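# Descriptive analysis of the structure
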Amino acid sequence: MNICGVLMPDDLASLGSPYVAMHYAGNEARRHISVHRVQAVIDSLEMSGGNAVDVGCGSGFSSVLLSRKASSVVAVDVGAHMVRIAGHLAKLNEAPVAGVIADASKPLPFPDAYFDGLISIEMIEHIVDWRASVREMVRVVRPGGRLVISTPGRYGLAQMIKTILVKAGLWKLGTYEWFIPRRQMIRELEGLGVRVTAVKHAVFTAPMLPDVVMPLIRGIERVVEAAGPLSRLCSTTIYCGVT
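What this report covers is the structure whose coordinates are included nearby. Computed from a prediction, not measured in an experiment: that's the story for all the values here. Here the residue numbering is sequential within each chain, running from 1 through the sequence in written order. Local features in this predicted model are restricted to residues of pLDDT 70 or higher, and side-chain atom pairs are both shown and tallied only at a pLDDT of 80 or more, whereas totals for entire chains, interfaces and linings draw on every residue. Note that the side-chain values use all heavy atoms of the structure and ignore hydrogens as well as water.

Here a helix means four or more residues in a row that DSSP labels H or I, a strand means two or more in a row labelled E, and each is numbered from the N terminus. Helix and strand counts for the chain come out as 8 helices and 9 strands. Across the 243 residues that make up the chain, the buried fraction comes to 50%. Relative accessible area decides the class of each residue, using a 1.4 Å probe on protein chains only: under 20% of the type maximum gives buried, over 50% gives exposed, and in between gives partly exposed.

Here it is in structure tokens:
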């Protein structure tokens, strides 16, 4: 199976991760929406060559895409099974990606200023002390390096719907429900010496929704993202910076 140029097993269930199957199986519109937020982050990382790190790599799909911009990539995740899947995808795509099992809520196992670039896609909202995680990510990027961090926007439409469901007792919050206000995130990055160069938004929706609604969401996608201030209703906020 070829998804946006990334080779994946035809039988996604063989990877042993319901998460991967939920995002990349189903119709083409579902796959597009799942890939779109990843591609938006990759496209926002201004680098060519050098070494990069993908913090919270998940299945490694993003790490493989990142390897097309960087000469080498380290895929980091707290889950050993996800690092294993990332390694499998890297091998399948002959991508220069090395997996490392590490907890992003703790000090990362890399020296200061080690990487030329960094991405982290919707990971920090899983961490209670997200500020400590951001500090670690900034620490391992060299001066003048690039980083792109995405996280669900606090005022994204999906988050507002989820908040309503929680208050109605129809949704139970998990430890990942740390929606970070835009100003707070920018203030944190700037306080660490990062020059925030852009804040972007991308549409993403709950992957558990049925395939039948995905083409409609894909159609709305371009309109919302190009709608100026209304783009904040997008579910994903992308912060781009130079260290």
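There's more to say after this.
The description of two aromatic rings rests on the distance between their centres and on the angle between their planes. Classification of ring pairs rests on two measures: the distance between centres of Phe, Tyr or Trp rings, Trp counted by its six-membered ring, which must be within 6.5 Å, and the angle between planes, read as stacked under 30 degrees, edge-to-face over 60 and tilted in between. Applying the stated criterion to the full structure yields 3 aromatic pairs. On the basis of an interplanar angle of 80 degrees and a centroid distance of 5.0 Å, the ring pair of F110 and F115 is categorised as edge-to-face. For the pair shown, F110 and F115 are each scored as buried. Between Y114 and F115, the ring centres sit 4.8 Å apart and the planes meet at 90 degrees, which makes this aromatic pair edge-to-face. Relative accessible area serves as the criterion here: at 0%, F115 is assigned to the buried category. Aromatic rings pair up to connect F110, Y114 and F115 into one cluster.

Okay, the side chain of T237 next. Mapped onto the elements of the fold, T237 is located in strand β9 (residues 236-242). Working rule for contacts: check all heavy atoms of both residues, and any pair within 4.5 Å makes them a contact. When near neighbours in sequence (up to four residues on either side) are disregarded, T237 contacts I149, S150, T151, G153, V199, K200 and H201.

What follows deals with the pattern of salt bridges. Note on definitions: salt bridges are taken to be side-chain nitrogens of Lys or Arg within 4 Å of carboxyl oxygens of Asp or Glu. All chains considered together, the criterion is met by 6 salt bridges. Of the charged contacts, one joins R37 and E122 as a salt bridge, the two residues approaching to 3.0 Å between their closest N and O atoms. Of the two residues, R37 sits in helix α2 (residues 28-44) while E122 sits in the loop between β6 (115-121) and α5 (130-139), which places them 85 residues apart along the sequence. Side by side, R37 and E122 carry an identical accessibility label, which is buried. In this structure, E136 engages R139 in a salt bridge whose closest nitrogen and oxygen atoms are separated by 2.9 Å.

Let us now look at the sheet that holds strand β5 (residues 97-101). In short, DSSP must find at least two bridges between two strands for them to pair. With mixed pairing, 7 strands are arranged side by side in an open sheet as β5-β4-β3-β6-β7-β9-β8. The sheet is open, and its two edges are formed by β5 and β8 (195-202), each paired on a single side. Strand-to-strand twist of the sheet, defined as the mean angle between neighbouring strand axes without regard to direction, takes the value 15 degrees. Where strand β7 (residues 141-152) meets β9, 7 bridges bridge the pair, whose relative direction is antiparallel. Looking across to β9, one finds that T151 is bridged to T237. Here, axes are lines fitted to C-alpha atoms. For helices the fit covers the stretch in contact, and angles between N-to-C directions go from 0 to 180 degrees. Its contacts with the sheet place helix α4 (residues 80-92) against β4 (72-77) and β5, and it is angled at close to 175 degrees to β5. Where helix α7 (residues 182-191) meets the sheet, its contacts fall on β7, β8 and β9, and the angle it forms with β8 comes to roughly 150 degrees.

Take unusual backbone geometry next. A positive phi angle is found at E94, which is not glycine, with a value near 50 degrees. Its location among the elements puts E94 in the loop between α4 and β5. Phi is positive for E122, which is not a glycine, with a value near 45 degrees.

Our focus in this paragraph is the environment of A95. Counting through the fold element by element, A95 comes out in the loop between α4 and β5. Owing to a relative accessible area of 15%, A95 belongs among the buried residues under this scheme. A95 sits 22 residues away from V73 along the chain, and the two C-alpha atoms are 8.6 Å apart. Setting aside its immediate chain neighbours within four residues, A95 contacts V64, S67 and A90.

Turning to the pairing of β7, a few remarks are in order. Pairing geometry for β6 and β7, over 6 bridges, is parallel. Counted as the bridge partner of F115 is V141 from β7.

Further remarks concern the packing of α5 against α7. In the contact formed by α5 and α7, the axes pass within 10 Å of each other and the chain directions differ by 40 degrees. With respect to α7, the element α5 is oriented oblique. Here α5 and α7 pass one another in a crossing that is right-handed. On the side of α5, the interface is formed by W130, R131, V134, R135 and V138, while α7 contributes Q184, M185, E188 and L189. Tallied by class, the residues present in the contact of α5 with α7 amount to 5 nonpolar, 1 polar and 3 charged. Angles below 35 degrees are treated as roughly parallel, those above 145 as roughly antiparallel, those between 65 and 115 as roughly perpendicular, and all remaining angles as oblique. With the far helix as reference, a near helix turned anticlockwise by less than a right angle produces a left-handed crossing, and one turned clockwise produces a right-handed crossing. Polar here means any residue other than Ala, Val, Leu, Ile, Met, Phe, Trp, Tyr, Cys and Pro, which are nonpolar, and Asp, Glu, Lys and Arg, which are charged; Gly is therefore polar.

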